[in-house]
Amino acid sequence: GIQVEQSPPDLILQEGANSTLRCNFSDSVNNLQWFHQNPWGQLINLFYIPSGTKQNGRLSATTVATERYSLLYISSSQTTDSGVYFCAVMNTGNQFYFGTGTSLTVIP
Amino acid sequence: DVKVTQSSRYLVKRTGEKVFLECVQDMDHENMFWYRQDPGLGLRLIYFSYDVKMKEKGDIPEGYSVSREKKERFSLILESASTNQTSMYLCASSLHFLSARGRQYFGPGTRLTVT
């Protein structure tokens with residue numbers, strides 16, 4: 001299967017700070033998504049981004065498929081951004097693989 | 001909005017019992033997925049289905065089976081529950097695999113404890 005590595009594993013930020021989360025993957029992928037898991041366990045889809053750049057409010061994501069990595073940018077962080085961020089990729093066999101996540105804590 | 005519901009939020013079962021976890025989606029999605037989430041391991045795919053009565057094994061199918069008799073419903077079955085199947089189980093659905101229609105939407109999860 002595809003190895004998916006996320007960094008950093010843990011991140012603590014002051015409210016208002018910016019951050020960059022990274023996702024490296026070991027093989028070509030057809031599908032890449034970023035998710036946020038809130039403190040109650042609900043996973044929310046943030047981006048579908050197998051290549052290129054997308055923005056949604058304070059969040060943006062960039063995937064460089066040829067170099068096998070994706071970045072999630074969070075600007076002006078808020079306490080509601082706290083939780084775990086997961087990257088997930090899909091191979092040519094439609095199998096999905098998740099990273100182990102980045103746990104983000106935003107302090108007021 | 002897409003809604004994915006799971007039959008139970010918390011479940012406690014005994015070793016050896018047969019366990020059914022149900023998942024229902026209301027958006028006519030083709031694909032449905034079952035994952036388990038364990039600390040330090042992220043989410044791991046157990047099975048997925050791309051059509052009624054069609055299923056594919058994921059990364060960790062051992063000890064599990066699935067059923068998809070209707071498009072909106074995908075069931076995960078633990079034939080004989082064991083303590084190492086204690087976990088959070090998450091169901092997801094997507095319209096297709098590729099393009100923005102490949103986005104996955106998750107249910108709230110079922111925390112299963114096997115004693």
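For the structure, check the block above.
Since the model is a prediction, treat every value here as computed from it, not as a measurement.

A look at the overall build of chain B
Phase 1 of the analysis: Helix and strand counts for chain B come out as zero helices and 11 strands.
Phase 2 of the analysis: For chain B, the N- to C-terminal ordering of α and β elements is β-β-β-β-β-β-β-β-β-β-β.
Phase 3 of the analysis: A compact globule built from 115 residues would reach a C-alpha radius of gyration of about 13 Å, and chain B, at 13 Å, matches this within 12%.
Phase 4 of the analysis: The principal-axis extents of the C-alpha atoms in chain B amount to approximately 40 × 30 × 25 Å.
Phase 5 of the analysis: Taken over 115 residues, chain B has a buried fraction of 47%.

Focus on the state of the cysteines
Phase 1 of the analysis: On inspection of all chains with the given rule, the structure shows two disulfides over all chains.
Phase 2 of the analysis: Across the disulfide, Cys23(A) is cross-linked to Cys87(A) (sulfur-sulfur distance 2.0 Å). The S-S bond linking Cys23(A) to Cys87(A) shows a torsion near -55°; that makes this disulfide left-handed. On the criterion of sequence distance, the pair formed by Cys23(A) in strand β3 (residues 19-25) and Cys87(A) in strand β9 (residues 83-90) is long-range, its members being 64 residues apart.
Phase 3 of the analysis: Residue pairing for Cys23(B): its cysteine sulfur links by disulfide to Cys91(B), the two sulfurs lying 1.8 Å apart. Between Cys23(B) and Cys91(B), the S-S torsion sits near -80°, and that sign places the bridge as left-handed.

Structural notes on the sheet that holds β3(A)
All names here are of chain A.
Phase 1 of the analysis: Spatial strand order, β1-β3-β8-β7-β6: five strands in an open sheet with antiparallel pairing. The outermost strands of the open sheet, each flanked by one partner alone, are β1 (4-7) and β6 (52-56). Within this sheet the neighbouring strands show an average axis-to-axis angle of 15°, counted without direction.
Phase 2 of the analysis: Where β1 lies against β3, four bridges are found, and the strand directions are antiparallel. Its bridge partner lying in β3, Gln6 is registered against Cys23.

Some remarks on the interface of chain A and chain B
Phase 1 of the analysis: Counting residues at the interface gives 22 residues for chain A, matched by 24 residues for chain B.
Phase 2 of the analysis: Buried surface at the junction of chain A and chain B, both sides included, amounts to about 1800 Å², of which 54% is carbon and sulfur.
Phase 3 of the analysis: The largest per-residue losses of area from chain A upon contact with chain B belong to Tyr48(A), Phe96(A) and Phe98(A), which jointly make up 28% of the total buried on that side.
Phase 4 of the analysis: Joining chain A to chain B, the criterion identifies nine residue pairs in polar contact (both at pLDDT 80 or more).
Phase 5 of the analysis: Residue contributions to the side of chain A that touches chain B peak at five residues, all from strand β5 (residues 43-48) of chain A.
Phase 6 of the analysis: Residue composition of the side of chain A that touches chain B, grouped by class: 11 nonpolar, 11 polar and no charged.

With respect to the pairing of strand β3 (residues 19-25) of chain B
Residues and elements named next belong to chain B.
Phase 1 of the analysis: The alternating pattern of β3 places Val19, Leu21, Cys23 and Gln25 on a buried face, while none of Phe20, Glu22 and Val24, on the opposite face, is buried.
Phase 2 of the analysis: Alignment of strand β1 (residues 4-6) against β3, held across three bridges, turns out to be antiparallel. Bridge pairing links Val4 to Gln25 in β3.
Phase 3 of the analysis: Looking at chain direction, β3 and strand β8 (residues 73-78) are connected through six bridges and run antiparallel. In the strand pairing of β8, Val19 is matched with Leu78.

The rules behind these values
- Numbers given to residues run from 1 along each chain, matching the order in which its sequence is written.
- Throughout, the order in which chains and ligands are written sets their labels, letters from A for the former and numbers from 1 for the latter.
- Given that the model is predicted, a residue must reach a pLDDT of at least 70 before its local features are reported, and side-chain atom pairs must reach 80 or more before they are shown or counted; all residues, however, enter totals for whole chains, interfaces and linings.
- The basis for every side-chain value is the complete set of non-hydrogen atoms in the structure, without hydrogens or water.
- What counts as a helix is a DSSP run of H or I of at least four residues, what counts as a strand is a run of E of at least two, and both are numbered from the N terminus.
- Here the globule rule is a power law, 2.2 Å times the number of residues to the power 0.38, and the radius of gyration is based on C-alpha atoms.
- Think of it in three bands: with a 1.4 Å probe and only protein chains considered, a residue is buried below 20% of the maximum accessible area for its type, exposed above 50%, and partly exposed in between.
- A pair of sulfur atoms, both from cysteines and within 2.5 Å, is called a disulfide here.
- For two strands to be treated as a pair, DSSP must find at least two bridges joining them.
- Fitting a line to C-alpha atoms yields each axis, with helices limited to the stretch in contact; the angle taken between N-to-C directions then spans 0 to 180 degrees.
- The contact rule is simple, with two residues in contact once any of their heavy atoms fall within 4.5 Å.
- As a working definition, buried area equals the accessible area (1.4 Å probe) given up by two parts on being put together, with both sides summed.
- Here a polar contact is recorded for every N or O atom pair within 3.5 Å, except that within protein the pair must consist of a potential hydrogen donor and a potential acceptor, and residues adjacent in sequence are included only if both atoms are side-chain atoms.
- Side-chain classes follow a simple rule in which Ala, Val, Leu, Ile, Met, Phe, Trp, Tyr, Cys and Pro form the nonpolar group, Asp, Glu, Lys and Arg form the charged group, and the remainder, Gly included, forms the polar group.

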